[in-house]
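Fold and geometry: a report
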Amino acid sequence: MSDASLAARSAALDLLRDVLRKSIPFDDAFDAHPELRGLDPRDRGFVRLLTATVLRRLGQIDALIQGSLAKPGLPKATVHDILRLGAAQLVFLGTPAHAAVDTAVELAAAKGAEPYKGLINAVLRRIGREGAELAAQQDAGRLNTPDWLWLAWRQAYGIGRTRGIVEAHLHEAPLDITVKADPAAWADRLEARLLPTGTLRRAAGGNLTELPGFAEGAWWVQDLAASLPAKLFGDLAGKRVYDLCAAPGGKTAQLVAQGAQVTAVDRSAKRLERVRENLARLNLSAEVLATDAATWTPDQPADAVLLDAPCSATGAIRRHPDILRVKTPEDIGKLAKAQSRLLAHAVDLVKPGGTLVYCTCSIQPEEGEAQIDRILARDKRVERLPITPVDLGGGHAGDGNLAELINERGEVRSLPGMLGDLGGIDGFFVARLRRLHD
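Note that this is a predicted model, so its numbers are computed, not measured.

1. Thoughts on the overall build of the protein
Broken down by element type, the protein carries 15 helices and 13 strands. Relative to a compact globule of 438 residues, whose C-alpha radius of gyration would be 22 Å, the protein shows 23 Å and is just as compact. Considering only C-alpha atoms, the protein reaches an extent of 75 × 45 × 40 Å along its principal axes. Counting over 438 residues, the protein shows a buried share of 53%. In the protein, 55 side chains carry a positive charge and 55 a negative one; their mean positions are 3 Å apart.

Written out as structure tokens, the structure reads:
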């Protein structure tokens with residue numbers, strides 16, 4: 001095995017440890033890894049793909065490993081993770097058996113697991129022979145989903161919708177792009193599909209910076225679902241808008257591009273640097289303010305407020321499979337309390353007659369529908385302003401039934417598995433409220 005190949009697999013092993021043992025989000029662990037910057041782009045891409053595949057297919061992989069052991073019980077953590085990396089290559093990435101097995105054995109030697117080389121060799125050779133056939137017989141969606149999430153989704157959405165959610169998580173999400181103007185023309189230039197909302201969609205992968213329009217700031221990456229909240233305000237030309245919890249800034253860019261005077265607020269100064277960088281590349285301008293949106297009190301209320309509240313991100317598992325491994329039921333309760341505080345304060349920031357849009361990239365009802373029920377029950381200054389398919393940008397070229405995304409209450413409730421004919425969508429909740437006159 002080459003030094004670069006060993007370094008790539010060693011880095012993947014470190015990332016698995018960080019996510020599975022320390023509950024560090026994958027992107028944070030990846031960005032902080034000291035050796036990844038020394039790898040060439042192809043090897044870095046392999047590290048990301050390999051680690052993400054293990055996280056996405058962890059339940060299946062562990063079942064295959066368990067079934068291939070001569071004795072019950074799993075080996076120590078490092079050996080287990082080496083087996084996971086090897087099994088992912090053999091069963092899901094199409095790596096030749098000799099390469100996957102040999103590199104796993106060498107990795108064990110490099111990581112101080114020399115006594116387990118024979119075990120690793122035997123288990124992976126068996127998986128290489130039988131793994132693909134066994135994996136085809138597994139209940140993949142269920143195996144890869146933690147029990148607490150499966151039960152929560154089944155209760156909220158029923159078994160059919162839950163099946164759609166977990167099956168969608170098996171596949172990497174496509175690349176979605178929001179353009180500042182003229183999406184039809186940019187669809188041709190970017191060889192992308194124009195979706196009914198105006199989002200452009202390409203297959204995942206490739207070097208974004210080399211695509212037409214990136215250098216001149218014509219577009220930014222933003223999932224279809226994440227692009228919907230900013231569309232719900234109507235004409236924003238010249239209006240004052242507060243974008244709360246704004247990082248990483250995709251919605252900020254949308255609001256500015258729609259002609260609004262935007263103040264982007266986020267408590268993380270580090271994350272706001274990314275907002276500033278994105279706005280600079282896009283040649284867009286907004287006031288950027290590092291402060292806690294739950295207590296921030298500006299000089300005057302705004303015409304519109306967008307609150308993209310911090311959440312569990314369970315709607316974004318297609319893009320971030322580590323969410324399956326790092327989130328817990330306790331996180332949902334803590335986040336719901338924070339969301340409630342933010343939403344209550346956001347009402348105070350909207351002038352009478354103005355619009356408040358609340359959204360999360362979660363598919364947990366506690367972080368969506370329940371928040372709106374609570375604010376409507378306790379604050380009579382606001383009312384629900386139902387959302388329609390036309391509000392979501394209907395009228396662009398393309399097909400797909402946008403009405404599928406809207407629940408009976410007039411809120412957006414997108415779920416992975418919806419809009420399958422278009423390539424799917426992330427899970428998202430969006431509600432629109434009107435501030436009544438006092």
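Now that the structure is up, let's keep going.
2. Topic: the nonpolar core
Membership of the largest hydrophobic core comes to 52 residues, with the highest contact counts inside it found for Trp-153, Leu-255, Leu-392 and Leu-405. When residues of this core are traced back to their parent elements, those giving at least two are helix H9 (147–168), helix H11 (250–257), helix H12 (269–281), strand S8 (302–308), helix H13 (323–326), strand S9 (350–360), strand S12 (416–419) and strand S13 (428–435). Sort the elements by how many residues they give to this core and H9 lands first, with six residues. Leave out the neighbours within four places in its chain, and Leu-405 touches Leu-228, Leu-392, Glu-411, Val-412, Arg-413, Ser-414, Met-418, Leu-419 and Ile-425. Counting residues in each nonpolar core, the second largest holds 42 residues, with Ala-12, Val-19, Leu-58 and Ala-135 among its members.

3. Observations concerning H12
For H12, with 13 residues, the first-to-last C-alpha span of 19 Å sits near the 18 Å given by 1.5 Å per residue. Positioned one or two residues after H12, Asn-283 has a phi angle of 55°, which is positive.

4. Things to note about the sheet that holds strand S4 (residues 219–221)
Taking strand neighbours across the sheet as the criterion, the four strands line up as S2-S3-S1-S4 in an open arrangement whose pairing is antiparallel. The open sheet has two edge strands, strand S2 (193–194) and S4, and neither has a second partner. Here strand S1 (residues 175–179) runs beside strand S3 (residues 200–202); their pairing, made up of three bridges, is antiparallel. Each residue of the ladder has a partner; that of Leu-175, found in S3, is Arg-202.

5. A look at the side chain of Thr-197
In this structure, Thr-197 sits in the loop between S2 and S3. In this structure the side chain of Thr-197 is engaged in a polar contact, spanning 3.5 Å, whose partner is the backbone nitrogen of Thr-199.

6. Let's talk about helix H6 (residues 97–110)
Over its 14 residues, H6 runs 20 Å from end to end, which matches the ideal 20 Å to within 8%, given 1.5 Å per residue. Of all the positions in H6, only Ala-100, Val-101, Thr-103, Ala-104, Val-105, Leu-107 and Ala-108 are classed as buried. Where H6 is buried, its residues meet helix H1 (3–22), helix H5 (77–91) and helix H7 (117–137). In the segment just after H6, Gly-112 is the residue with positive phi, at about 75°.

7. A word on the state of the cysteines
One pass over the full model with this rule turns up zero disulfides. This cysteine, Cys-359, is not joined by any disulfide, and Cys-361 carries the nearest cysteine sulfur, 8.3 Å off. Judged by its relative accessible area of 0%, Cys-359 is buried.

8. Some remarks on the packing of H1 against H5
Two numbers describe how H1 lies on H5: the axes approach to 10 Å, and their chain directions differ by 115°. At the point where H1 passes H5, the crossing takes the right-handed sense. The residues of H5 that touch H1, namely those facing Arg-9, Ala-12, Leu-13, Leu-16, Arg-17, Leu-20 and Arg-21, are Ala-77, Thr-78, Asp-81, Ile-82, Arg-84, Leu-85 and Gln-89. For the contact of H1 with H5, a count of residues per class yields seven nonpolar, two polar and five charged.

9. Concerning the pairing of S8
Judged by how many residues are buried, S8 sits mostly within the fold: six of seven residues are covered. Note: strand S5 (residues 240–244) against S8, four bridges, orientation parallel. Bridge assignment links Leu-244 to a residue of S8, and that residue is Leu-307. Both S8 and S9 contribute to a ladder of six bridges, which runs parallel. Across the sheet, residue Leu-307 finds its bridge partner in S9, namely Tyr-358.

10. Considerations on the UniProt feature "coiled-coil region" (unreviewed entry) in the protein
In the UniProt entry, the feature "coiled-coil region" (unreviewed entry) is given for residues 265–292. Taken end to end, residues 265–292 comprises 46% helix and 21% strand; its first and last C-alpha atoms sit 8 Å apart.

11. Structural notes on the environment of Lys-327
Within the fold, Lys-327 resides in the loop between H13 and helix H14 (329–348). Distance from Lys-327 to Ala-313, taken between C-alpha atoms, is 9.1 Å for residues 14 residues apart in sequence. Leave out the neighbours within four places in its chain, and Lys-327 touches Trp-148, Cys-311 and Ser-312.

12. Brief notes about the side chain of Ser-5
Along the chain, the position of Ser-5 falls in helix H1. Of note is the side chain of Ser-5, whose polar atom sits 2.5 Å from the side chain of Arg-9.

13. Thoughts on the pairing of S5
Buried residues dominate S5, accounting for four of its five residues. Pairing between S5 and strand S6 (residues 261–266): five bridges, direction parallel. Following the sheet pairing, Val-241 is matched in S6 by Val-262. Traced from S5 through H11 to S6, the parallel crossover comes out right-handed.

14. Digging into the packing of aromatic side chains
Throughout the structure, instances matching the rule amount to four aromatic pairs. If you follow Arg-48 out to its NZ or CZ, it ends over the ring of Phe-30, 4.2 Å from the centre. A cation over an aromatic ring shows up here: Arg-281 above the ring of Phe-214, its NZ or CZ 4.1 Å from the ring centre.

About the thresholds
- Residues numbered from 1 in each chain as written.
- Predicted model: local features only at pLDDT ≥ 70, side-chain atom pairs only at ≥ 80, totals over all residues.
- Heavy atoms only, no water.
- Helix = DSSP H or I, 4+ residues; strand = E, 2+ residues; numbered from the N terminus.
- Rg over C-alpha atoms; globule rule 2.2 N^0.38 Å.
- Buried < 20%, exposed > 50% of the residue type's maximum accessible area, 1.4 Å probe, protein only.
- Lys, Arg positive; Asp, Glu negative; His and termini not counted.
- Charge placed at Lys NZ, Arg CZ, Asp CG, Glu CD.
- Core = buried A, V, L, I, M, F, W, Y, C linked by side-chain atoms within 4.5 Å.
- Contact = heavy atoms within 4.5 Å.
- Expected span 1.5 Å × (residues − 1).
- Pairing = 2+ DSSP bridges.
- Polar contact = N/O pair within 3.5 Å; in protein donor to acceptor, adjacent residues only side chain to side chain.
- Disulfide = S-S within 2.5 Å.
- Axes fitted to C-alpha atoms, helices over the stretch in contact; angles between N-to-C directions.
- Left-handed = near helix turned anticlockwise from the far one by under 90°.
- Nonpolar A, V, L, I, M, F, W, Y, C, P; charged D, E, K, R; others polar.
- UniProt positions renumbered as here; feature names shortened; annotations may be inferred.
- Right-handed = clockwise from strand over helix to strand, strands pointing away.
- Phe/Tyr/Trp six-rings, centres within 6.5 Å; stacked < 30°, edge-to-face > 60°.
- Lys NZ or Arg CZ within 6 Å of the ring centre and 35° of its normal.

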